[in-house]
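Descriptive structure summary
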Amino acid sequence: MNKEMITAQLKKLTVANGIEIDDETLGKAVELARFMVFPKSKIIRSIGDSANTVGIVIDGLVRSYYIDLEGNDISRGFCPEGSMCMDEGAVGYPEHICMWETLEESTLMLIEVSDLRGLIMASERLKTLWIKLLEDGLRYKMYRENAFLLENATERYLSFKKRFPGVCDRAPQKYIATCIGIMPESLSRIRRALREE
């Protein structure tokens, strides 16, 4: 991929996500970044790895998950095209607190946290975008907490589908189930009941 092609693809992703970033800033980001294609089912970061790099999913689907005391994995979230991944370092963690894996072959734009911070501080538009991303992240955390306290399993699934359109068709059911706090068998029953309505 050449710089112009990558910048054009990033521009499409920013527009699709309702973000306005000028070509010059996108060009600087491309110059600072490296791009990697990871195969499906590849662990790209593990718990305890240095969190000095942030990723943006250019193409594909990435999942973050925790490992519980019994060795089970519990999905934290999903990152489709245009999403940040491996973002712990961007909010101050020195190392990754969860696992990151590709659910599809995925192309990632990788940028050092220090370079990302430099770009953000140099652009009022990126500062505004960064605040929006932080607010979105906080809203998601609050939504999840409220959902586990106040919603039943069917409501959590319907909220997940609304929040992550398309992910239900791309991610394995067992990962979606752990993300909303239920067993895969329960999710199968919920999906069957919804189809019958």
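This text follows the structure it describes.
Sequence order as written defines residue numbering, which begins from 1 separately in each chain. Reporting in this predicted model follows two pLDDT cut-offs: at least 70 for local features of residues, and 80 or more for side-chain atom pairs to be given and counted; totals over whole chains, interfaces and linings ignore these cut-offs and use all residues. Side-chain measures were taken over the full set of non-hydrogen atoms in the model, leaving aside hydrogen atoms and water.

Another aspect to go through is the overall build of the chain. Put simply, DSSP H or I for four residues or longer makes a helix, DSSP E for two residues or longer makes a strand, and each gets a number counted from the N terminus. The helix and strand tally for the chain stands at eight helices and eight strands. Here the globule rule is a power law, 2.2 Å times the number of residues to the power 0.38, and the radius of gyration is based on C-alpha atoms. Relative to the globule expectation of 16 Å for 197 residues, the C-alpha radius of gyration of the chain, 18 Å, shows essentially globular dimensions. Judged by the C-alpha coordinates and their principal axes, the chain covers about 50 × 35 × 30 Å. The contact criterion used is simple: two residues touch if any of their non-hydrogen atoms lie within 4.5 Å. Relative to all contacts within the chain whose residues are 6 or more apart in sequence, the contacts with residues 24 or more apart total 68%. Accessible surface computed for the chain: about 11100 Å², of which carbon and sulfur atoms make up 54%. Only four residue types enter the tally: Lys and Arg on the positive side, Asp and Glu on the negative side, with His and both chain ends excluded. A single reference atom marks each charge: NZ on Lys, CZ on Arg, CG on Asp, CD on Glu. The centroid of the 27 positive side-chain charges in the chain is displaced by 3 Å from the centroid of its 30 negative side-chain charges. All accessible areas in this document rest on Shrake-Rupley with a 1.4 Å probe, and a residue is counted as covered only by the protein chains that are shown.

All right, on to the pattern of salt bridges then. What counts as a salt bridge is simple: a side-chain nitrogen of Lys or Arg found within 4 Å of a carboxyl oxygen of Asp or Glu. A full pass over the atoms with the stated rule returns 10 salt bridges. Note that Lys28 and Glu24 form a salt bridge whose closest N and O atoms lie 3.6 Å from each other. Note that Lys28 and Glu24 are positioned in helix H2 (residues 23–32) at a spacing of four residues, about one turn of the helix. Exposure remark for Glu24: the relative accessible area of 54% places this residue in the exposed category. Bridged by salt links that share partners, the residues Arg63, Asp73 and Glu101 form one connected network. Burial status follows relative accessibility: with a 1.4 Å probe on protein chains alone, a residue under 20% of its type maximum counts as buried, one over 50% as exposed, and anything between as partly exposed.

A few words on the pairing of strand S4 (residues 62–67). For two strands to be treated as a pair, DSSP must find no fewer than two bridges joining them. Pairing analysis gives six bridges linking S4 to strand S5 (residues 73–79), with the strands arranged antiparallel. Looking at the pairing, Ser64 lines up with Gly77 of S5. Where S4 and strand S7 (residues 99–102) come together, four bridges link them in antiparallel fashion. The partner of Val62 across the bridge, within S7, is Thr102.

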